[in-house]
2 protein chains.
Amino acid sequence: MNDHDKDDHHKAPRPLEFWFDLASNYSYLSAMRIEALAAARRVPLVWRPFLLGPIFKDRGWSTSPFVLDPVRGAYAWQDTARQAAKFGLPWRRPSVFPRDSLLAGRIALLLADTDAVGPFVRACMRRNFVLDQDIATEHDMTEVLAGLDPQLGLDAAAILRQAGTAEHKLRLRAQVERARAAGIFGAPSFLVDGELFWGNDRLDDALVAAA
Amino acid sequence: MNDHDKDDHHKAPRPLEFWFDLASNYSYLSAMRIEALAAARRVPLVWRPFLLGPIFKDRGWSTSPFVLDPVRGAYAWQDTARQAAKFGLPWRRPSVFPRDSLLAGRIALLLADTDAVGPFVRACMRRNFVLDQDIATEHDMTEVLAGLDPQLGLDAAAILRQAGTAEHKLRLRAQVERARAAGIFGAPSFLVDGELFWGNDRLDDALVAAA
């Protein structure tokens, strides 16, 4: 083994942090692909649901820039559809945007370290960006959770109860603070040892950096 | 020949319009690569210099968002350096940003349909983003033009004179109007039969669409 081997080939992959908002169309493009891509490179994946709303407010934006700037928005919808086609992902432009993702974000955070997080996130994303349905209410979330593989052993009522506690609500707020502190200004974002990669377009670069 | 061949393989490549500002760091990443990439795919390349300033003003921005939003800016510099390294391009973060690109833009527009446009644009980009020098004054432009291949047969004094005429100044203004009308909101942008692709990250997609 020479130095080159030591440096480049025998280091353990580093964790890839995936920061996303369940209301974000570009997060959809990453969320539907990231678990398989990380597994293929043996990169440990860390799910980091957060909320874009407070991050946008820091910039003086009351909602998504795709809503505030119609020119930018028209392009974003054309571009997302084109990218979804490129990746072979189903896509329907949501009739409501951005959808309220607060409760879904709380549940994603609750499940973040479990085997259920990938299936839950993909089911929410599919609901929002393929089925064009809301992800806001306890009823919506009960439907999503009920549709997941029973082998995951999820108790929808218990999850909703826990997601609604004051303590857990503060956890999601703290998560947004962590995003801010990491310099995150949009979603999806990826962190590898603190190095920031922004946008679905950087998923591959982030995977290479982690691997 | 079957229908599939007719549809997919025997169509002539369509022109690729490259919309750029000589002050734009992400335009640099495309400008240094696009001529060779288009030639490799036999895609006719149309150079479309324009100015981002008026486009940013439409959004209420007095300058680049990378200046107005320090968080966004810090990321942009890190990201541009990383992307330049990925493409094997030299890179130095400019000590002045965005640089005044008005005169250089006028000259690029003057040369846009000539063999000199690629060499001129790359020389300006290199000056701004590798040598960290201005591209604003007649002196700067004389230096750039003098450094180009003599076989291009350029007359620097005549070019500067023509670039400064009222008629030519209006041509660049009209170019910005065309950008606006095409829905362009940033640079680089690419147009293929009116279809918009935004950002250096979409250069490959635009080339595929054109080819």
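A brief report on the enclosed structure follows. Given the structure is predicted, the values throughout are model-derived calculations rather than measurements.

Once chain A is rotated about the relating axis by 180° and shifted along it by 0.0 Å, it coincides with chain B to within an RMSD of 0.0 Å. Such a combination of rotation and displacement between the chain copies is what one expects of a two-fold axis. Taking C-alpha positions as reference, the residue of chain A nearest the rotation axis is aspartate 201 of chain A, located at 3.5 Å. A shared binding surface is used by both copies, with 100% of the interface residues of chain A retained as interface residues in chain B.

The subject of this paragraph is the sheet that holds strand β3 (residues 189-192) of chain B. All names here are of chain B. Overall, mixed pairing links the four strands, which are arranged β2-β1-β3-β4 in an open sheet. The open sheet has two edge strands, β2 (45-49) and β4 (195-198), and neither has a second partner. In this sheet, adjacent strand axes meet at a mean angle of 25° when their direction is disregarded. Relative to β2, strand β1 (residues 16-20) is paired through five bridges, and the arrangement is parallel. Residue pairing across strands places tryptophan 19 opposite arginine 48, the latter belonging to β2. In the packing of helix α11 (residues 166-181) onto the sheet, the strands contacted are β1 and β2, and the crossing angle to β2 comes to about 110°.

What follows deals with the interface of chain A and chain B. Frequently, the measure chosen for interface size is the accessible area removed from exposure when the parts meet. At the junction of the two partners, chain A supplies 19 residues and chain B supplies 19 residues. Taken together, the two surfaces of chain A and chain B that pack against each other cover about 1800 Å², and 44% of this comes from carbon and sulfur. The three residues of chain A that bury the most area against chain B are Tyr75, Arg82 and Arg202 of chain A, which together make up 28% of that side's buried surface. The interface formed by chain A and chain B includes ten salt bridges. Lysine 86 of chain B is paired through a salt bridge with aspartate 205 of chain A; the nearest N and O atoms lie 3.0 Å apart. Summed over the shared surface of chain A and chain B, the number is 16 residue pairs in polar contact (both at pLDDT 80 or more). Only α6 (70-86) and β4 (195-198) of chain A provide two or more residues apiece to the side of chain A that touches chain B. Looking at side-chain class alone, the side of chain A that touches chain B contains six nonpolar, three polar and ten charged residues.

Scoring rules and cut-offs
Residues numbered from 1 in each chain as written. Chains lettered and ligands numbered in written order. Predicted model: local features only at pLDDT ≥ 70, side-chain atom pairs only at ≥ 80, totals over all residues. Heavy atoms only, no water. Least-squares fit on C-alpha atoms with pLDDT ≥ 70 in both. Contact = heavy atoms within 4.5 Å. Pairing = 2+ DSSP bridges. Helix = DSSP H or I, 4+ residues; strand = E, 2+ residues; numbered from the N terminus. Axes fitted to C-alpha atoms, helices over the stretch in contact; angles between N-to-C directions. Buried area = accessible area lost by both parts, 1.4 Å probe. Salt bridge = Lys/Arg side-chain N within 4 Å of Asp/Glu carboxyl O. Polar contact = N/O pair within 3.5 Å; in protein donor to acceptor, adjacent residues only side chain to side chain. Nonpolar A, V, L, I, M, F, W, Y, C, P; charged D, E, K, R; others polar.

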